[in-house]
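Remarks on the overall topology
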Amino acid sequence: LGDRKDLLDDFLKATKLKKADVRLDQLVDVDPDRKSKERVIAGGTVIGVLTDKFAYATLPAAKPADVLGVELLPLGNRGQAIIAARVRQAGTGGGRELLLLWTVWSGQLEPLASIETKKSLGANTLEASWKIVKGRKGPELWVEPKPAVGFTAETFPGNEEPDVDSIVLPWEKRGGIAYFMEGKQLAISRRDLPKTRR
C-alpha cells in the first residue's frame, strides 16, 4: 500500500484521526463497481474507504468509546464484503445499540440499513442476536430476538423507531428478520423468518 501512503495521510488529516486511533485497516473487496480491492479504515467515530481517492462517513456515536466495533461481513452476493459498525446510543432513561451496514459504490460509502439490536430502559432489556448464514440465493444476515429481561408484551412502551429498523420483539409472530443483498449495486432486502425452525 505504499502508493496510498499520502492518501492515508490526507484521510487522517481530513478526519482528524491519529494513526493510533485506527482500529481497522484492511484491504478487501467492498465495491462491486471496481475490480481491485479497497482499503477500509475505521477509527474514532469514522469509517472510510481508500481507492484512488478517499471517502468517509461519521457514525452516529457521541464519542469513540460508543463505537463498539467495526468489521467486514461476507454478505455481498458476488463475494464483496460489507462494512458493519456497532454503535451505542444513550437516551433519556435508557439506551440502544445499532448495527449499521454500509456498502461502497464507485468509491463512495452507501448506507444500507440501521438495525436496532438492543434496547434498555432501567434494568429492562431487549436484545437481538445476529449472524451470517447460507440463504436461499446467497449469504443472509439473520437478526433474531433473545428472551426479554424485565419487559413483557404488556409493559413494553412501544417500538416506534422511525430512523432505524426497530428491534425484533420476542413475542412477535415472526422469528426474526433475514437481510440479504440484491442487484448489482447491492441494495438490501428483508424477509421475515418463521417463528419455529430446525
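Up top is the structure.
Here's what I pulled together on the structure shown here. (Residues numbered from 1 in each chain as written. Predicted model: local features only at pLDDT ≥ 70, side-chain atom pairs only at ≥ 80, totals over all residues. Heavy atoms only, no water.)

Each helix and strand in the chain was counted, giving 1 helix and 12 strands. Reading the chain from its N terminus to its C terminus gives the helix and strand order α-β-β-β-β-β-β-β-β-β-β-β-β. Radius of gyration (C-alpha) of the chain: 18 Å, near the 16 Å computed for a compact globule of 198 residues. With respect to the principal axes defined by its C-alpha atoms, the chain has extents near 60 × 40 × 25 Å. A separation of at least 24 residues holds for 47% of the contacts in the chain among residues at least 6 apart in sequence. With the model as given, the accessible surface of the chain reaches about 10500 Å², and the carbon-plus-sulfur share is 50%. (Helix = DSSP H or I, 4+ residues; strand = E, 2+ residues; numbered from the N terminus. Rg over C-alpha atoms; globule rule 2.2 N^0.38 Å. Contact = heavy atoms within 4.5 Å. Areas by Shrake-Rupley, 256 points an atom, 1.4 Å probe, with all protein chains shown as cover.)

Here the focus is the sheet that holds strand β1 (residues 22-28). Spatial strand order, β1-β2-β3-β4: 4 strands in an open sheet with antiparallel pairing. Of all the strands in the sheet, the pair left with one neighbour each is β1 and β4 (54-58). Neighbour to neighbour, the strand axes of the sheet diverge by 15 degrees on average, direction disregarded. Alignment of strand β3 (residues 46-50) against β4, held across 5 bridges, turns out to be antiparallel. Each residue of the ladder has a partner; that of Ile-47, found in β4, is Ala-57. (Pairing = 2+ DSSP bridges. Axes fitted to C-alpha atoms, helices over the stretch in contact; angles between N-to-C directions.)

With that settled, consider the nonpolar core. Across soluble globular proteins, nonpolar side chains show a tendency to be buried alongside one another. Membership of the largest hydrophobic core comes to 24 residues, with the highest contact counts inside it found for Val-30, Ile-47, Leu-59, Val-70, Ile-83, Trp-102 and Leu-109. Mapped by element, the contributors of at least two residues to this core are β1, β2 (38-43), β3, β4, β5 (67-73), β6 (82-91) and β7 (94-105). Among the elements that line this core, the one with the most residues is β7, at 4 residues. Residues within four places of Val-70 in sequence aside, it is in contact with Leu-24, Ala-42, Ile-47, Ile-83, Ala-84 and Ala-85. Leu-101, Phe-151, Ile-177 and Met-181 belong to the second largest nonpolar core, which has 22 residues in total. (Core = buried A, V, L, I, M, F, W, Y, C linked by side-chain atoms within 4.5 Å. Buried < 20%, exposed > 50% of the residue type's maximum accessible area, 1.4 Å probe, protein only.)

This part takes up the pattern of salt bridges. Evaluation of the coordinates by the stated rule reveals 13 salt bridges. A salt bridge links Asp-163 to Arg-96, with the shortest nitrogen-to-oxygen separation between them at 2.7 Å. A residue pair is termed long-range when its members are at least 10 positions apart, and Asp-163 in the loop between β10 (139-145) and β11 (176-182) and Arg-96 in strand β7 qualify at 67 residues. On the accessibility criterion, Asp-163 (49% relative accessible area) is partly exposed. The buried category is assigned to Arg-96, whose relative accessible area is 14%. With a shortest N-O distance of 3.1 Å, Glu-116 and Lys-119 are connected by a salt bridge. The network of salt bridges with shared partners includes Arg-34, Glu-38 and Asp-52. (Salt bridge = Lys/Arg side-chain N within 4 Å of Asp/Glu carboxyl O.)

Moving on, we come to the pairing of strand β9 (residues 124-134). The pairing of strand β8 (residues 108-121) with β9 spans 4 bridges and is classified as antiparallel. By the bridge assignment for β9, Lys-118 is matched with Glu-127. Taking the residues that link successive antiparallel strands as the turn, the β8-β9 hairpin has 2 residues, and the phi of Gly-122 there is positive, at about 65 degrees. In the sheet, β9 pairs with β10 via 7 bridges, with the strands oriented antiparallel. Across the sheet, the residue bridging to Lys-134 is Pro-139, located in β10.

Take the pairing of β5 next. Remember that side chains alternate between the two faces of the sheet whenever the strand is regular. Of all 7 residues making up β5, 5 are buried, and the element is well covered by its neighbours. For β5 and β6, the ladder comprises 6 bridges, and the chain directions are antiparallel. When the bridges of β6 are listed, Leu-72 appears paired with Ile-83.

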